[in-house]
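# Coordinate inspection notes
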Amino acid sequence: MATRGGETKDKMKITKIPVSPRQILCVLIVACTPTLNGMLGGWTAVLPKLQEDSSRFTVTVQDVTWLASLNLIVGIGVCPLAGTLAEHVGPCRLLFLAMCPVPGFWLIQAYTPWLPLLYVCRAALAISTSILSTMVQPLIAELCPVEIRGLAGTLPEVMGCAGILLSYVLAYLLPWDVATAVSAAPFVPLVLLMLLVPESPYWLVRKKRIDAAERSLRVLLGRSADVTKELDAIRSTTTLKQSKVKNQLQELRRGRNIRPVVLIIALFVLRELGGKAPVYSYTVYMFRSAGVELDAFYCTVFVGLTRFGATLVSAFILDHLGRKPVLVTSATISALALAAAGATVFLEVDEASWVPLAAMLVYVGAYAIGLGPILWAYLGELLPTPVRSMAASIITFFHFSSSFSVNYMFLEVVATFGLGRTLMVFGSVNLVIAIVVFCFIPETKGRSLQDMEKAFVAKGPKEGKDNPTFEANEKPPPTDPLSQTQSDSHEAATASCASSVSSNGPCTPSNSRTGPCTPPGFRTLPCITLGATDARCAPRSTKEPESRAGDRLSSRSSSNVSSSSATEATIPAFIQPEEPTLQITYL
């Protein structure tokens, strides 16, 4: 959530609003929902036991492949629709509706007598996880205070890792159907707790429900808190046109909105091309190909524990060190670890079988500290308010598409080029991520959502003027057309004077009250004020002998004499004329 908006950076005084316990509770509840993502991915650990149990139905190798990749396939189709649904029903309500059927689907999946029904339940759970992947981070950014947004943005990744570990333990200790049924237990209280989370005030403002947005802020910040400034900050970056999906798609054409979207898409795609999905999906295969002989369960546990511990470390350092330096360091270490593992496998170094294992664990730890949680946190921090929901849908679509493609092609690539070369290519891609982040991604530590939108506004005049969010930082345009005409005429006269000084001699002021000067040889019309209280003035027509200036001027000749005497008084060209005290219109 924002702290302040609508003020210039130099004059803005950021007053920290105390974080209320209810606000922390709401953020924690939303951050716990990605536990489903981890448990759904870790459920594949029960597939060997499922194949061995033929009492209900027979599971082939092809079924195992489809069941393992079904969540990615469903995510490709669901993610583009999640943003549209969120704009119609609200992001918080959509999360609640996605979580409600989860316990039931786990139970049906555990005790189904038919294999097709197992596919249906798996696909239904994948729909829920796709919605969670799209909406959790933007909602946390809108509910969370700036001071703890780094910690809050990392919690979904922590809970996802916890879900993976829990699934591994259940698969190791229990039969596949009992492990699947127990997986429903954490989500029963979580669905009930979701009722305590208020709707996003940003969405309520977009829907013209200002009173409801104020009530939502009071629930989050406390009934005694002053929510007026917070509400004004939200309204400064939220317009009524943004309530329609069509208008949000039009907003994506603006440079300040599309730039962060393209950058985050590039980072997600590069992360998948850097080997994230194969490392976690083919851990045992990669270890055995590198000559590391370990039990499959211990391999997955080592990887899971390393990822979970490193993610916890990330949660507590992001608000102190910042996102950008941690992400650059994480990508660099990941690149070096994968390059070391690939070089060892490619060169077939004797007595170095421990190097691939150590290098892969270093990669997992570095990924969990930066590449894993920070990119998801960017979905809430870097995406502009006008397009946050739609942009998150587009980004998660590219994420699932690239993840599925890399995962699907990994074994064929390894068979063609070898594991060593493939890992070295993964390492080079991670190095590209570090370069992109260092050059193009701004730091988000301690900055409000309104302030972050300024990072992608072009420095040209067009981008600054057509963005209502940043009008407070720009000089307001003149509202009087005569004033604008005066300003343009002033600049034209000054330019003409400067260009003719060298050829026509020094320039003379055209009026003692104004300041613009006229080169010699040009005839000027004296300026007559329209009224005592009117700062504007108009040139006297050559056909009218007299004009009113609060009182009548005696004759045209006296005016011409006054004008000529002013023209005769020349000043050096290097002396700048006085700034006009009145707004003058020249013809």
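See the structure printed just above.
Residues numbered from 1 in each chain as written. Predicted model: local features only at pLDDT ≥ 70, side-chain atom pairs only at ≥ 80, totals over all residues. Heavy atoms only, no water.

## Section: the overall build of the protein chain
Note the threshold: Numbered from the N terminus, helices here are DSSP runs of H or I no shorter than four residues, and strands are runs of E no shorter than two. Note on exposure labels: buried denotes an accessible area under 20% of the residue type's maximum, exposed denotes more than 50%, and partly exposed covers the range between, all computed with a 1.4 Å probe on protein chains only. In this description, contact between two residues means that some pair of their heavy atoms is separated by no more than 4.5 Å.
Along its length, the protein chain carries 27 helices and 4 strands. Relative to its 587 residues, the protein chain shows a buried fraction of 50%. In the protein chain, of all internal contacts separated by at least 6 residues, the share reaching a separation of at least 24 is 77%.

## Let's talk about the packing of helix α15 (residues 255-273) against helix α21 (residues 373-381)
As a reminder, the rule being used: Between N-to-C directions, angles cover 0 to 180 degrees, with each direction set by a line fitted to C-alpha atoms, over the stretch in contact for helices. Throughout, the term roughly parallel applies to angles under 35 degrees, roughly antiparallel to angles over 145, roughly perpendicular to angles from 65 to 115, and oblique to all others. Handedness of a crossing follows from how the near helix is turned relative to the far one, being left-handed for an anticlockwise turn of less than a right angle and right-handed for a clockwise one. In this classification, Asp, Glu, Lys and Arg are treated as charged, Ala, Val, Leu, Ile, Met, Phe, Trp, Tyr, Cys and Pro as nonpolar, and every other residue, Gly included, as polar.
Interaxial distance between α15 and α21 falls to 11 Å at its minimum, and their mutual angle equals 160°. Viewed along their axes, α15 and α21 adopt a mutual orientation that is roughly antiparallel. Considering how the two elements wind past one another, α15 and α21 form a crossing that is left-handed. Between α15, through I264, L267, F268 and R271, and α21, the contact on the second element is made entirely by L375, W376, Y378 and L379. Across the contact of α15 with α21, the residue classes break down as 7 nonpolar, no polar and 1 charged.

## Comments concerning the environment of P442
Inspection of the secondary structure puts P442 in the loop between α23 (419-440) and α24 (449-453). Exposure remark for P442: the relative accessible area of 16% places this residue in the buried category. The spatial distance from the C-alpha of P442 to the C-alpha of M452 is 8.4 Å, given a sequence separation of 10 residues. Once you skip the residues sitting within four places of it in the chain, P442 turns out to touch K324, Y378, L382, R447, M452, A455 and F456.

## Focus on the nonpolar core
Spelled out, the test is: As used here, the term nonpolar core means buried Ala, Val, Leu, Ile, Met, Phe, Trp, Tyr and Cys residues forming a set that is joined through side-chain atoms within 4.5 Å.
Counting 66 residues, the largest nonpolar core has V30, L36, L50, L95, W106, I140 and F187 as its most contacted members. Broken down by element, the residue count for this core peaks at 12 residues, all from helix α7 (residues 115-143). Those residues in contact with F187, other than ones at most four positions away along the chain, are T35, L36, M39, M99, V102, P103 and W106. Counting 53 residues, the second-largest nonpolar core is a separate cluster that includes V279, M360, A392 and F456.

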